[in-house]
Protein chains: 2
Amino acid sequence: MHVVVPFAATEPKTRLAAALSPSERSTVARAMLADVLAAVVGAGHEPTVVATAPLDLDALPIADDVRVSTAVSVDERSLTEAVNARLPNGCGDEAVAVVMADLALTTVDALETLFSADADVAVAPGRGGGTNALVVRHPDFRVDYHGASYLDHCEIARDVGANLETVDSFRLATDVDEPADLVEVLVHGSETDRAPASLRELGFELDADGGRVTVARLENSTTE
Amino acid sequence: MHVVVPFAATEPKTRLAAALSPSERSTVARAMLADVLAAVVGAGHEPTVVATAPLDLDALPIADDVRVSTAVSVDERSLTEAVNARLPNGCGDEAVAVVMADLALTTVDALETLFSADADVAVAPGRGGGTNALVVRHPDFRVDYHGASYLDHCEIARDVGANLETVDSFRLATDVDEPADLVEVLVHGSETDRAPASLRELGFELDADGGRVTVARLENSTTE
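These numbers were taken from a predicted model, which means no experiment stands behind them.

Engineer: Can you walk me through the interface of chain A and chain B in this structure?
Structural biologist: How big an interface is tends to be stated in terms of accessible area lost as the parts join. In this assembly, 27 residues from chain A lie in contact with 27 residues from chain B. When chain A packs against chain B, the two sides together hide about 2200 Å² of surface, and 59% of this comes from carbon and sulfur. Area buried by chain A at its contact with chain B is led by R127, D168 and F170 of chain A, which between them contribute 26% of it. Broken down by secondary-structure element, the contributors of at least two residues to the side of chain A that touches chain B are α5 (149-159), α6 (170-173) and α7 (182-188) of chain A. In terms of residues, the side of chain A that touches chain B owes the most to one element, α7 of chain A, which gives four residues. Its residues assigned to classes, the side of chain A that touches chain B shows 12 nonpolar, eight polar and seven charged.

Laid out in structure tokens, this is it:
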């Protein structure tokens, strides 16, 4: 299966601006990408990072086996156009999976559940009506990431006669967009994951004092 | 399996105050409870609603088969105390499941995945480190819902020598606490569910105009 991982290589994760400086956002975004790539390779596939600008794999915090299994393709088009250019378009084409680079909680198990769904289109929705990961086996299905993309993808599948399965996964539903999402990375990340490590290195820790869990940042831990 | 559904019968869902009046919050909370009870019964179990005040099942929007399968137990203690009083405490005790009443996206499938986990303790985490549903088979395990309860429950299980399995479900991870959560109800609720129907009756609909999906409320649809 082709596994495409779209990545905004310049100015990623702007909605984390309240918590992280631009260079810190870049560090955390690359750590999340590293975790996603490791999970894809762990699930037995060779990912292609579709990046909006050149990306140096040697500068990513990934193991050698992940590095040699990963390709980079630079594509300056919109997310929707770049993904659609890589979907199956004829009979006999291999299935294509699209996994977002900010799914920091992704595990091999979660990906295998998605990849093993045998529907024409399998979608793991994100919060807020988004589409965080999907597998496309139907030659006529195309994505549209604008707006409520999960509902749009259900409709597009209907329109082209493709059956669609929704994959129920908290890990795949959790894209890290906003400061509140950092809590999930620290709660559910494993000890070997890069994303929680990068946050801890930047001084973030869980704060459960107030009843509800938030992240707090140690004093003097900002890097800019 | 005993299935306990804790329910705050008076002034439920105060964090929805920005979107709903007190009586509307009560209506939506009861609709979500109805959906949870229907899913529990659909999964082949007889739920007990543990309510903080008397609750009239006849006033809930539930089908007859759900009503006759459901018991109500009034318990004014804290959530933690009320749940702990109902967990297994000796060898041979039946497993006990605890499913929160605001899991509006709950389905029979999601519950069956949780209920079929054979660990001593199976936990479906909620966002923000919470515990939205769990199954307890170990006689020494006790809950503590204060703070980062998911992490606390992992630690409590370790302390009493119980193995713990984390169940990865977006549906079970989605408790409806804040106005932004209403989006999930409208996106993922089925046509037969009461919670999305109650929101639509109150004038809510999805608004995908801004790129990100929110809920909007029709003018003149407030009931107070």
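Engineer: How should I be thinking about the packing of helix α1 (residues 22-42) of chain A against helix α8 (residues 194-201) of chain A in this particular structure?
Structural biologist: Geometrically, a packed helix pair is captured by the angle between its two axes and the distance between the axes. Residue and element names in this part refer to chain A. In contact at an axis separation of 7 Å, α1 and α8 are set at 155 degrees when each is read in the N-to-C sense. Put simply, α1 runs roughly antiparallel to α8. Judged by the sense of rotation from one axis to the other, the crossing of α1 with α8 is right-handed. In contact with V28, A31, M32, A34 and D35 of α1, α8 contributes R194, A195, P196, S198 and L199. Considered class by class, the residues forming the contact of α1 with α8 number seven nonpolar, one polar and two charged.

Engineer: Mind showing me how you'd approach the sheet that holds strand β2 (residues 47-51) of chain A here?
Structural biologist: Consider a sheet: its strands pair through backbone hydrogen bonds, and that pairing is either parallel or antiparallel. All names here are of chain A. Spatially, β3-β2-β1-β4-β6-β5-β7 is the arrangement adopted by the seven strands of the open sheet, whose pairing is mixed. Single-partner strands in this sheet number two, and they are β3 (71-74) and β7 (164-166). On average, each strand axis in the sheet is inclined to that of its neighbour by 20 degrees, with strand direction left out of account. As defined by bridge partners, strand β1 (residues 2-7) adjoins strand β4 (residues 96-99) across three bridges and the pair is classed as parallel. Note that in β4 the partner of H2 across the bridge is V96. Lying on the sheet, helix α4 (residues 108-116) is in contact with β1, β4, β5 (121-125) and β6 (131-136); it crosses β6 at an angle near 45 degrees. Against the sheet, α5 contacts β5, β6 and β7, and its axis sits at roughly 155 degrees relative to β7.

Engineer: Even after reading the chapter, I still don't get the pairing of strand β4 (residues 96-99) of chain B, so can you show me in this structure?
Structural biologist: Each regular strand displays side chains that alternate between the two surfaces of the sheet. All names here are of chain B. Burial of β4 is two-sided: the residues V96 and V98 facing one way and the residues A97 and V99 facing the other way are all buried. Note: β4 against strand β6 (residues 131-136), four bridges, orientation antiparallel. From the neighbouring strand, V99 faces β6, where its bridge partner is A133.

Engineer: Explanation requested: helix α1 (residues 22-42) of chain B in the structure shown.
Structural biologist: In an α-helix, one full turn covers 3.6 residues, which means residues spaced three or four apart are oriented alike. Look at α1 of chain B: 30 Å from first C-alpha to last across 21 residues, which is about the 30 Å you get at 1.5 Å a residue. Summarising burial for α1 of chain B: 16 of the 21 residues are buried, a large majority.

Engineer: Which parts of the structure should I look at to understand the relation of the copies chain A and chain B?
Structural biologist: The relation between the two copies of this chain is a rotation about an axis and a shift parallel to it. Superposition of chain A onto chain B requires a rotation of 180 degrees combined with a translation of 0.0 Å along the rotation axis, giving an RMSD of 0.0 Å. Seen this way, the second copy is the image of the first under a two-fold rotation axis. Among all C-alpha atoms of chain A, that of F170 of chain A lies closest to the rotation axis, at 1.9 Å. With an isologous cut-off of 70% or more, the 100% of interface residues of chain A that recur at the interface of chain B puts this contact in the isologous class.

Engineer: Would you mind showing me how to read the sheet that holds strand β2 (residues 47-51) of chain B here?
Structural biologist: All names here are of chain B. Ordered in space as β3-β2-β1-β4-β6-β5-β7, the seven strands form an open sheet in which the pairing is mixed. In the strand order of this sheet, the two ends are held by β3 (71-74) and β7 (164-166), each with one partner. Averaged over all neighbouring strand pairs, the angle between strand axes comes to 20 degrees, with direction disregarded. Across the sheet, α1 touches β1 (2-7), β2 and β4, and the angle it forms with β1 is around 175 degrees.

Engineer: Could you clarify how one ought to interpret helix α5 (residues 149-159) of chain B in this entry?
Structural biologist: The set of residues buried in α5 of chain B consists of S149, Y150, H153, C154 and A157 of chain B. Projected down its long axis, α5 of chain B shows its buried positions confined to an angular sector of 145 degrees, all on one face. Away from the buried face of α5 of chain B by more than 90 degrees, exposed residues R158 and D159 of chain B are located. Where the residues of α5 of chain B are buried, they touch α7 of chain A together with β5 (121-125), β6 and β7 of chain B. G161 of chain B, located one to two residues past α5 of chain B, shows a positive phi value of around 75 degrees.

Engineer: What is the right way to read unusual backbone geometry from this model?
Structural biologist: Backbone phi values are negative for most residues with the exception of glycine, while trans is the configuration of most peptide bonds. A positive phi is found at E11 of chain A, a non-glycine position, where the angle reads about 50 degrees. Note on placement: E11 of chain A falls in the loop between β1 and α1.

Engineer: Help me out: how do you make sense of the environment of A216 of chain B in this one?
Structural biologist: Residue and element names in this part refer to chain B. Take A216: it is sitting in strand β9 (residues 214-217). Classification of A216 by relative accessible area gives partly exposed; the value is 23%. Each C-alpha atom, one on A216 and one on V167, is 32 Å from the other, the two residues being 49 residues apart in sequence. Not counting chain neighbours up to four residues away, the residues in contact with A216 comprise G203, F204, E205 and D207.

Engineer: Help me understand the pattern of salt bridges, please; the structure alone is not making it clear to me.
Structural biologist: Two side chains carrying opposite charge are able to pair once their charged atoms lie near each other. For the structure on display, the rule yields 20 salt bridges over all chains. With a closest N to O distance of 3.8 Å, E201 of chain A and R194 of chain A form a salt bridge. Using a relative accessible area of 28% as the deciding quantity, one classes R194 of chain A as partly exposed. Measuring nitrogen to oxygen at the nearest pair gives 2.7 Å for the salt bridge that ties K13 of chain B to D102 of chain B. Taken together, the residues K13 of chain B in the loop between β1 and α1 and D102 of chain B in the loop between β4 and α4 (108-116) connect sequence positions 89 residues apart. Look at D102 of chain B and you get buried, because its relative accessible area is 10%. Taken together, the salt bridges that share partners define one network made up of K13, R15, D102, D177 and E178 of chain A.

Reading the values: rules and limits
Along every chain, residues carry numbers that run from 1 in the direction the sequence is written. Key to labels: chains lettered from A, ligands numbered from 1, both in the order written. Residue-level local features of this predicted model are given only where pLDDT is at least 70; pairs of side-chain atoms are given and counted only at 80 or more, and the full residue set underlies all totals for whole chains, interfaces and linings. Only hydrogens and water are set aside; all other atoms, that is, all heavy atoms of the structure, feed into the side-chain values. A contact between two residues is defined here by any heavy atoms of the two lying within 4.5 Å. Buried area counts how much accessible surface, traced with a 1.4 Å probe, disappears from two parts once they are put together, with both parts' losses summed. Secondary structure elements follow DSSP: runs of H or I of four or more residues count as helices, runs of E of two or more count as strands, with numbering from the N terminus. Three categories are distinguished: nonpolar for Ala, Val, Leu, Ile, Met, Phe, Trp, Tyr, Cys and Pro, charged for Asp, Glu, Lys and Arg, and polar for the others, with Gly belonging to the last. Note on geometry: axes are C-alpha line fits, over the in-contact stretch for helices, and angles between N-to-C directions span 0 to 180 degrees. Roughly parallel here means an angle under 35 degrees, roughly antiparallel means over 145, roughly perpendicular means 65 to 115, and every remaining angle is called oblique. The handedness criterion is simple: a crossing whose near helix is rotated anticlockwise from the far helix by less than a right angle is left-handed, and one whose near helix is rotated clockwise is right-handed. By definition, two strands form a pair when at least two bridges between them are found by DSSP. Using a 1.4 Å probe on the protein chains alone, a residue whose accessible area is under 20% of its type maximum counts as buried, one over 50% counts as exposed, and one in between counts as partly exposed. Multiply 1.5 Å by the residue count of a helix minus one, and that product is the helix's expected span. Here the copies are superposed with least squares, the fitted atoms being C-alpha atoms of residues at a pLDDT of at least 70 in both. Directions drawn from the helix axis to the C-beta atoms are what define this arc. Think of a salt bridge as a Lys or Arg side-chain nitrogen and an Asp or Glu carboxyl oxygen that are within 4 Å of each other.

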